[in-house]
Amino acid sequence: MKLDSAGLQILSRQECLALLASASIGRIVFTDRALPAVQPVNFVLDGQDIVIRTGIGSKLAAATSGAIVAFEADDFDPTTHTGWSVTAIGPARAAHEPHEIQHLSTLPLHTWAPGSRDHYILVRAEHITGRRLTSQDDEHDERDEREI
């Protein structure tokens, strides 16, 4: 197991994708009028694409079309002080082809926000990184095993 300089476990690409697939809420980071913007979104992973539904005239739809964006999802337990965080960076694009929209409409992607959300944004996870925070007991057990 690889650790970073802060002692967090470095996750492989496959581990990152598996964790993303287990989550349903994340944050997309994009540029809005030359300023960084972060918006929480419901999403689903389709292969290596992060799929988001939004309104066709939304600020998110306009700002992400053809842009390089970042996407982050995580899960933390404040009681055990464990959790993970995954960040993906890649190009965002709107789905326009009828066959692609048909496929995307079958995915288990349900938005929480009210209103029409018939516009699909896909973010290709070209660069993906992740870290896992394990409990102190897990770290001590792993160190003990390495010392034996």
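Presented here is an overview of the structure given in this document. Every chain's residues receive numbers from 1 upward, in the order its sequence appears when written. It should be noted that, the model being predicted, local features are given only for residues of pLDDT at least 70 and side-chain atom pairs only at 80 or more, the latter also being counted only at that level, while totals for whole chains, interfaces and linings use all residues. Here the side-chain values reflect all heavy atoms present in the structure, with hydrogen atoms and water set aside.

Strands here are runs of E lasting at least two residues and helices are runs of H or I lasting at least four, both read from the DSSP assignment and numbered beginning at the N terminus. Relative to the elements of secondary structure, Gln-9 occurs in strand β1 (residues 9-10). Judged by relative accessible area, which is 13%, Gln-9 ranks as buried. Only heavy atoms enter the contact rule, under which two residues are in contact if any of them lie within 4.5 Å. Those residues in contact with Gln-9 that sit more than four places away from it in its chain are Met-1, Lys-2, Leu-3, Glu-15, Gly-130, Arg-131, Arg-132 and Thr-134. The rule is simple: take the accessible area with a 1.4 Å probe, protein chains only, and divide by the maximum for that residue type; under 20% is buried, over 50% is exposed, in between is partly exposed.

Turning our attention to the side chain of Asp-32. If you trace the backbone, Asp-32 turns up in strand β2 (residues 25-32). Assessed through its relative accessible area of 14%, Asp-32 is described here as buried. Contacts of Asp-32, omitting those with residues within four sequence positions, involve Ala-37 and Lys-59.

In plain words, nonpolar cores are sets of buried Ala, Val, Leu, Ile, Met, Phe, Trp, Tyr and Cys residues tied together by side-chain atoms within 4.5 Å. Ranked by internal contacts, the top residues of the largest apolar core, which has 27 residues, are Leu-20, Ile-28, Phe-43, Ile-50, Ile-52, Phe-71 and Ile-128. Elements with a contribution of two residues or more to this core: α1 (13-22), β2, β3 (35-42), β5 (49-54), α2 (59-64), β6 (68-77), β7 (82-94) and β8 (119-124). If near-sequence neighbours (up to four positions away) are discounted, Ile-50 is found in contact with Leu-20, Phe-43, Val-44, Leu-45, Phe-71, Ala-88, Ile-121, Leu-122 and Val-123.

What follows covers the pairing of β7. A regular strand places its side chains on the two faces of the sheet in alternate fashion. Taken together, the 10 bridges between β6 and β7 define a ladder with antiparallel strand orientation. Following the sheet pairing, Phe-76 is matched in β7 by Gly-83. Should DSSP find at least two bridges between two strands, the strands are regarded as paired. Counting the residues in the hairpin turn of β6 and β7 gives four residues, including His-81, whose phi is positive at 60°. Bridge count between β7 and strand β9 (residues 127-133): seven bridges; the pairing is antiparallel. Looking at the pairing, Gly-83 lines up with Leu-133 of β9.

This brings us to the packing of aromatic side chains. The rule is short: rings of Phe, Tyr and Trp, with Trp giving its six-membered ring, pair when the centres are within 6.5 Å, and they are stacked under 30 degrees, edge-to-face over 60, tilted in between. Counted according to the given criterion, the structure contains one aromatic pair. Summarising the aromatic geometry, the rings of Phe-43 and Phe-71 are spaced 4.8 Å apart at their centres and angled 70° between planes, so their arrangement reads as edge-to-face. Of this pair, Phe-43 sits in the loop between β3 and β4 (44-46) while Phe-71 sits in strand β6, placing them 28 residues apart in sequence. Accessibility classification places Phe-43 together with Phe-71 in one group, the buried group.

Attention now moves to the environment of Gly-130. When you line up the elements, Gly-130 lands in strand β9. Taking C-alpha positions, Gly-130 is 17 Å from Asp-77, a pair spaced 53 residues apart along the chain. Apart from residues lying up to four places away in sequence, Gly-130 is in contact with Gln-9, Ile-10, Leu-11, Cys-16, Ser-85 and Val-86.

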